[in-house]
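# Per-entry structural report
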Amino acid sequence: TGDTIVDTSIKPKKDSDGIDSSLLIAPIVPDPVFFCSIEPPSLAAQKQFDYALECLSREDPSLRITQEADTGQTVLGGMGELHLEITLDRLKTQYKVDTDMGKLQVAYREIATSVCSIDEKFERKLGDKTHTIHLNMTLAVQEGLGSSVVEWSKDKESVEQFATIKPQLKRAVEQAINSGLQSGPVLGYPVLDSRITIHSVQIGRGCSMPMLTAGAMNITKILLKQTDIRLAEPVMAVEIIAEEDVITAVLQDLTRRRGEVDYTQDRSTDEGVGLAVLRGTVPLAELRGYSSELRTLSSGKANLSMELSHYKLMTEEDQEIAIEDVTGFSR
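This write-up is about the structure you can find in this document. Every value quoted in this text rests on a predicted model; they were computed, and no experiment measured them.

Counted under the stated rule, the structure contains 15 salt bridges. Put simply, Arg58 and Glu54 hold a salt bridge, and the shortest N to O gap is 3.3 Å. Remark: Glu54 and Arg58 occur in helix α1 (residues 46–59); sequence separation between them is four residues, near one turn of the helix. According to the relative accessible area criterion, Arg58 is exposed, its value standing at 59%. Taking relative accessible area as the criterion, Glu54 reaches 46% and is therefore assigned partly exposed.

If you want it as C-alpha cells, here you go:
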C-alpha cells in the first residue's frame, strides 16, 4: 500500500553525543554519471521552471539538481543520456517549459595517488577578532574505498587532545573536511579512495563556527593541491545482443572506443536466426550518443544495455583530452 509503519513501543537510540540516531533506511541511489546545464527560455518562465524541477526531483531520487555557485547555472545530473532526455521531454510536455540544454558532460572523479601530510594554520581577522584553526592531518590512498573517509587518530596524545574539544566543533571540522573533498584541484570533481586522518586540532578562543568551517575547508584544499591527484573516468559495464551478421562491426566499433570485451556467447534461436551476446567495459566518455549510432551501425539489429561498473584512473594523454573537453582549453 506504500504506507510507512512505525512501532512506537521501541525506544529511540541515542549516540555518544546524546543525539537521536534512529533513522529511516533510504533507498540506495547511485551517483549520476552524466550531467548538463539547463535554463528556462525566459525570466517569465523561471517560476514554472523551478516548480517543475522540484516536482521531478521528488518523483525521481536518481535525478540530481544542483546550482552552480560560480555561474548560477542549474545543473541536471542523471544516470544516462536517455534519463536526461526523458526528463527534458517531461519538462516540455508535462510542465510546458521549453528548456535550453547545455553540452552533455561526463561526471569524472579525482583520485589521489600518493600519501601527503599537512600541518597548517588558518587565521583571519574580522574587526577586532582573530579567528584561528590549526590542523595536522594525513591523506592516505586506499584503493577501492569509494567515497573518501575522514577519521580521528587513535594515538594516545591525539585522543587526549580531542577529548577537550566540544562534540559539535569536532562534527563541524569533520563536515568541513568532507566538503573540501567534494571539489578536487584538477577539475573540481569529488575526490575518491582517500582516507583523511586528523592528528591534531587547535581552535582559537572565540573562533566562530563559519570561520571554523571555512578554515578546515581551506586547509583541506591546500592538502589536495600538495597531493598528486589524477582524473578517474566512469567505466560502464555494457551488454549488446546483436545478430551474427553485424556482430563483427559492433565488436570493431567497441574496440575503437577503448572498450574491452571479456565475454561473448552464441544465442541462436530455433528459427535459425543467429544471435550473439557481447559483454565488456567501455569508458562512458566514448558512449555519448552511442545508442543511436549503434542502431545505425547494426541497421536496428542490436540492443544495448549498460550500467556503471567502476571508476578507472586515466592516462596522462586521456586526462589532457578530458580537461580540454570540459574547460575548452588544454593546460
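To continue, consider the sheet that holds strand β7 (residues 116–126). Taken in spatial order, the four strands line up as β7-β8-β11-β9 in an open sheet, and their pairing is mixed. Looking at the sheet topology across the chains shown, the edges are occupied by β7 and β9 (149–152). The sheet shows a mean angle of 30° between the axes of neighbouring strands, taken without regard to direction. Packed onto the sheet, helix α4 (residues 167–180) meets β8 (129–141), β9 and β11 (194–203) and runs at close to 150° relative to β9.

Bringing the packing of helix α6 (residues 244–256) against helix α7 (residues 290–298) into the picture now. Any two packed helices are characterised by the angle at which their axes cross and by the distance between the axes. For the pair α6 and α7, interaxial distance at closest approach is 10 Å and the crossing angle is 145°. Classified by chirality, the crossing of α7 by α6 is right-handed. Residues Val246, Ala249, Val250, Asp253 and Leu254 of α6 lie in contact with α7, whose contacting residues are Tyr290, Leu294, Leu297 and Ser298. When the residues that make up the contact of α6 with α7 are grouped by side-chain class, the tally is seven nonpolar, one polar and one charged.

Here the focus is the side chain of Glu233. Inspection of the secondary structure puts Glu233 in strand β12 (residues 229–243). With residues up to four places along the chain from it excluded, the contact list for Glu233 reads Tyr108, Arg258, Pro283, Ala285, His310, Tyr311, Lys312 and Met314.

On to helix α2 (residues 81–93), then. Because the α-helix completes a turn every 3.6 residues, residues three or four places apart line up on one side. With 13 residues, α2 should cover 18 Å at 1.5 Å per step; its first-to-last C-alpha distance of 18 Å lies within 8% of that length. Along α2, the residues that are buried comprise Glu81, His83, Leu84, Thr87, Leu88 and Leu91. Buried residues of α2 fall within an arc of 165° about the axis and therefore sit on the same side. Those residues of α2 that are buried are in contact with β1 (34–39), α1, β3 (74–78), β4 (100–101) and α7.

Where α4 meets helix α5 (residues 209–226), the axes come as close as 8 Å, and the angle between the chain directions of the two elements is 40°. As far as their axial angle goes, α5 and α4 are oblique. Read as a crossing pair, α4 and α5 show a hand that is right-handed. Of α5, the residues touching α4 (which contributes Gln168, Leu169, Ala172, Val173, Ala176, Ile177, Ser179 and Gly180) are Met209, Leu212, Thr213, Ala216, Met217, Thr220, Lys221 and Leu224. Along the lines of polarity and charge, the residues of the contact of α4 with α5 split into 10 nonpolar, five polar and one charged.

Thresholds, definitions, all that
- Residues numbered from 1 in each chain as written.
- Predicted model: local features only at pLDDT ≥ 70, side-chain atom pairs only at ≥ 80, totals over all residues.
- Heavy atoms only, no water.
- Salt bridge = Lys/Arg side-chain N within 4 Å of Asp/Glu carboxyl O.
- Helix = DSSP H or I, 4+ residues; strand = E, 2+ residues; numbered from the N terminus.
- Buried < 20%, exposed > 50% of the residue type's maximum accessible area, 1.4 Å probe, protein only.
- Pairing = 2+ DSSP bridges.
- Axes fitted to C-alpha atoms, helices over the stretch in contact; angles between N-to-C directions.
- Contact = heavy atoms within 4.5 Å.
- Left-handed = near helix turned anticlockwise from the far one by under 90°.
- Nonpolar A, V, L, I, M, F, W, Y, C, P; charged D, E, K, R; others polar.
- Expected span 1.5 Å × (residues − 1).
- Arc of directions from axis to C-beta.
- Parallel < 35°, antiparallel > 145°, perpendicular 65-115°, else oblique.

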